[in-house]
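A look at the structure
Single-letter residue listing:
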Amino acid sequence: MGKPTGFLEFARELPVDKDPLERIKNWDEFHLHLPEENLKNQGARCMDCGTPFCHTGELISGMASGCPVNNLIPEWNDLIYRGLWQEALERLHKTNNFPEFTGRVCPAPCEGSCVLGINNPPVTIKNIECSIIDHGWEQGWVTAHPPEKRTGKKVAVVGSGPAGLSAAAQLNRAGHWVTVYEKGDRPGGLLMYGIPNMKLDKEKVVMRRIRILEEEGIKFVCNTEIGKDITAEQLVQDNDAVILCIGAGKPRDLPIEGRDLKGIHFAMDFLTANTKALLDANPEGLISAQGKDVVIIGGGDTGTDCVGTSVRHGCNAVTQLEIMPKPPEMRAKNNPWPEYPKIYRLDYGQEEAAAKFGEDPRFYTTTATKFEGDDHGNVKAVHTVQVEWQRNEDGRFIPNPIEGTEKVTPAQLVLLAMGFLGPEQFLLEQMGLEKDHRSNIKADYDDYSTSIPNVFAAGDCRRGQSLVVWAFNEGRGVAQKCDRFLMGYSDLPQ
């Protein structure tokens, strides 16, 4: 490495974000970048560790360890230390089609498996990645590169989320004619409507990359749902191959008493309506939290995004219920390196709620038991109880209610952020696709072929709800397999 003693000389440093009480006044991104000299020092912290785990992309204990797209992290850390920004960008783009997305929304499993992180704070990999690509855009280094030759093969990609975009980008690079179908009014899928603007700017970041893809020859067809506007049969007939990247959009519900009351919404409906209202500059359809007591049921990134959005609406109060126990401040003994560290974090939404209301809005080992309504059929309160996790007769951990911990929390808006159960089934049933036991499209990893010969599947609709970076991994993987199917060979990297 450029500075073998860097990890001994420099402490981990991240840029200071915009003040929580200031940033909640708008929908702008609030993460900043370090000055170049400071960033060089952070790159210098990358050790000559011999066997880097940061770019392995393995599943350990059911969670990602290392980078799923196998970013060449030690290489571009070293290049940043040496001030070779353009070379660093080239290394970054070798494995990652959209580092400006992962650099903003990925939970950085690479940092969790950093060798330095065994006994010191890990290298600031995510921040360096985002700085490289943002600098590249500023310098005009990110430009369209249409393929020199076309194969004449036509590929339809259904869904323009992370998996669909990476599959389309790779197949276009191979010279195929690619059309991406999106049922929404804008391309991007989860990147457009599932992640709030302050976390991933839609015009400055998402659409900027979409325009590059269009310049490279990819065609985007929006407001078009396959199976309804175009039949699945017609799509298969009109194309040499079809790739399904339709996500896992079926939300997990909470069928308890009072679920039919007005004011109870799925988190993704809330987030989608908010972003659409922002982009259209039209509040029609907005599910507003303004002046309301908000209860969010569920954690994860989606729950956090609901907290941040509700605070920006001007909610009266926000409470977030998590059924799992509060994570420890440090790695537990059963969560060793290089597993993803399951530790307590104050994410941006909770940080903003704490700044405004005085405390972290999360209540752990707590579940809702009943929704209470008013005389007009509107939700007015959520009944909860604390739980204790115990093994049942089959040896599985289950939550058992603790008597005497019942509580009633005022709520005029309830958001369900409890994850997803799989893809919507309409298209799968119309096509007669074989499904796995979890209702996902059956297609083996590293193959991606479905039960229909020229139809492939990738992303959440194949593997189930997962990280954006896994979707990018699968998009690249399915592109290689599809290219091989079309041409008999493939020069595309996975």
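Relevant structure appears above.
A few points on the structure. The structure presented is a predicted model; accordingly, all values stated were derived computationally and were not measured. (Residues numbered from 1 in each chain as written. Predicted model: local features only at pLDDT ≥ 70, side-chain atom pairs only at ≥ 80, totals over all residues. Heavy atoms only, no water.)

**Points about the overall build of the protein chain**
- A count of helical and extended segments in the protein chain gives 18 helices and 18 strands.
- Taking 494 residues into account, the globule formula puts the C-alpha radius of gyration at 23 Å, and the protein chain, at 23 Å, falls close to it.
- By its C-alpha atoms, the protein chain is 65 × 60 × 50 Å across when sized along the principal axes.
- Across the 494 residues that make up the protein chain, the buried fraction comes to 52%.
- Of the roughly 22,100 Å² of accessible surface on the protein chain, a fraction of 50% belongs to carbon and sulfur atoms.
- For the protein chain, the distance from the average position of its 54 positive side-chain charges to the average position of its 69 negative side-chain charges is 2 Å. (Helix = DSSP H or I, 4+ residues; strand = E, 2+ residues; numbered from the N terminus. Rg over C-alpha atoms; globule rule 2.2 N^0.38 Å. Buried < 20%, exposed > 50% of the residue type's maximum accessible area, 1.4 Å probe, protein only. Areas by Shrake-Rupley, 256 points an atom, 1.4 Å probe, with all protein chains shown as cover. Lys, Arg positive; Asp, Glu negative; His and termini not counted. Charge placed at Lys NZ, Arg CZ, Asp CG, Glu CD.)

**As for unusual backbone geometry**
- Cis geometry is found at the peptide bond from Trp 337 to Pro 338, where omega equals 5 degrees.
- Inspection of the secondary structure assignment puts Pro 338 in the loop between β10 (317-321) and α15 (348-357).
- Phi is positive for Ala 281, close to 55 degrees, though the residue is something other than glycine.
- Among the secondary structure elements, Ala 281 is positioned in the loop between α13 (267-280) and β9 (293-297).

**Here's the deal with the environment of His 265**
- With respect to the helices, strands and loops of the structure, His 265 is situated in strand β8 (residues 264-266).
- For the pair His 265 and Ile 296, spaced 31 residues apart in the sequence, the C-alpha separation amounts to 9.8 Å.
- Setting aside residues no more than four positions away along its own chain, His 265 makes contact with Ile 287, Leu 413, Val 414, Leu 415 and Leu 416. (Contact = heavy atoms within 4.5 Å.)

**A word on the packing of helix α4 (residues 73-81) against helix α8 (residues 125-139)**
- Two elements in contact, α4 and α8, have axes separated by 11 Å at closest approach and are oriented at 65 degrees. Here α8 runs roughly perpendicular to α4, going by the angle between their axes. Like other packed secondary-structure pairs, α4 and α8 cross with a definite hand, here left-handed. Counted together, Ile 73, Trp 76, Asn 77 and Ile 80 of α4 and Ile 125, Ile 128, Glu 129 and Ile 132 of α8 form the full contact between these two elements. (Axes fitted to C-alpha atoms, helices over the stretch in contact; angles between N-to-C directions. Parallel < 35°, antiparallel > 145°, perpendicular 65-115°, else oblique. Left-handed = near helix turned anticlockwise from the far one by under 90°.)

**Comments concerning the sheet that holds β10**
- Ordered in space as β8-β16-β9-β10-β11, the five strands form an open sheet in which the pairing is parallel. Unpaired on one side and paired on the other, β8 and β11 (362-363) mark the two borders of the sheet.
- Relative to the sheet, helix α14 (residues 300-313) contacts β9, β10 and β16 (413-416), its axis offset from that of β10 by approximately 175 degrees. (Pairing = 2+ DSSP bridges.)

**Here we look at helix α11 (residues 202-215)**
- Taking 1.5 Å per residue, 14 residues should reach 20 Å; α11 reaches 18 Å between its end C-alpha atoms and fits that length.
- At Arg 208, α11 shows its largest bend, some 25 degrees.
- All buried positions along α11 are accounted for by Lys 202, Val 205, Val 206, Met 207, Arg 209, Ile 210, Ile 212 and Leu 213.
- By the N-cap criterion, in which a side-chain oxygen at the helix start approaches the backbone nitrogen of a residue two or three places on, α11 is capped by Asp 201, the distance to Glu 203 being 3.1 Å. (Expected span 1.5 Å × (residues − 1). Bend = angle between axes of the 7 residues up to and from the residue. Polar contact = N/O pair within 3.5 Å; in protein donor to acceptor, adjacent residues only side chain to side chain.)

**A look at the pattern of salt bridges**
- Per the stated rule, a full pass over the model turns up 24 salt bridges.
- For Arg 104, the salt bridge is made with Glu 29, and the minimal N-O distance between the two is 2.9 Å. With Arg 104 in helix α6 (residues 99-105) and Glu 29 in the loop between α2 (20-23) and α3 (36-44), the pair connects residues that are 75 residues apart, well separated along the chain.
- Residue Arg 104 pairs with Asp 134 through a salt bridge whose shortest N-O separation is 3.1 Å. With Arg 104 in helix α6 and Asp 134 in helix α8, the pair connects residues that are 30 residues apart, well separated along the chain. (Salt bridge = Lys/Arg side-chain N within 4 Å of Asp/Glu carboxyl O.)

**Topic: the state of the cysteines**
- Here the structure, examined in full by the defined rule, presents zero disulfides.
- Cysteine Cys 54 remains unbridged, with the sulfur of Cys 46 as its closest cysteine sulfur at 6.1 Å.
- In this model Cys 245 remains outside any disulfide bridge; the closest cysteine sulfur is found in Cys 461, 6.0 Å from its own.
- Taking the relative accessible area as the measure of exposure, Cys 245 reaches 7% and is therefore buried. (Disulfide = S-S within 2.5 Å.)

**Digging into the environment of Gly 419**
- Within the secondary structure, Gly 419 is located in the loop between β16 and β17 (420-422).
- When its relative accessible area of 17% is taken as the criterion, Gly 419 is described as buried.
- Sequence spacing of Gly 419 and Gly 50 is 369 residues, and the spatial spacing of their C-alpha atoms is 38 Å.
- What Gly 419 contacts, discounting residues up to four positions off in sequence, is Pro 251, Arg 252 and Gln 465.

**What about α14?**
- With 14 residues, α14 should cover 20 Å at 1.5 Å per step; its first-to-last C-alpha distance of 20 Å lies within 8% of that length.
- Within α14, twelve of the 14 residues are buried, leaving the element largely enclosed by the surrounding structure.
- Residues Thr 302, Gly 303, Thr 304, Asp 305, Cys 306, Val 307, Gly 308, Thr 309, Ser 310, Val 311, Arg 312 and His 313 constitute the buried set of α14.
- Immediately beyond the C-terminal end of α14, within one or two residues, lies Gly 314, with a positive phi of roughly 90 degrees.

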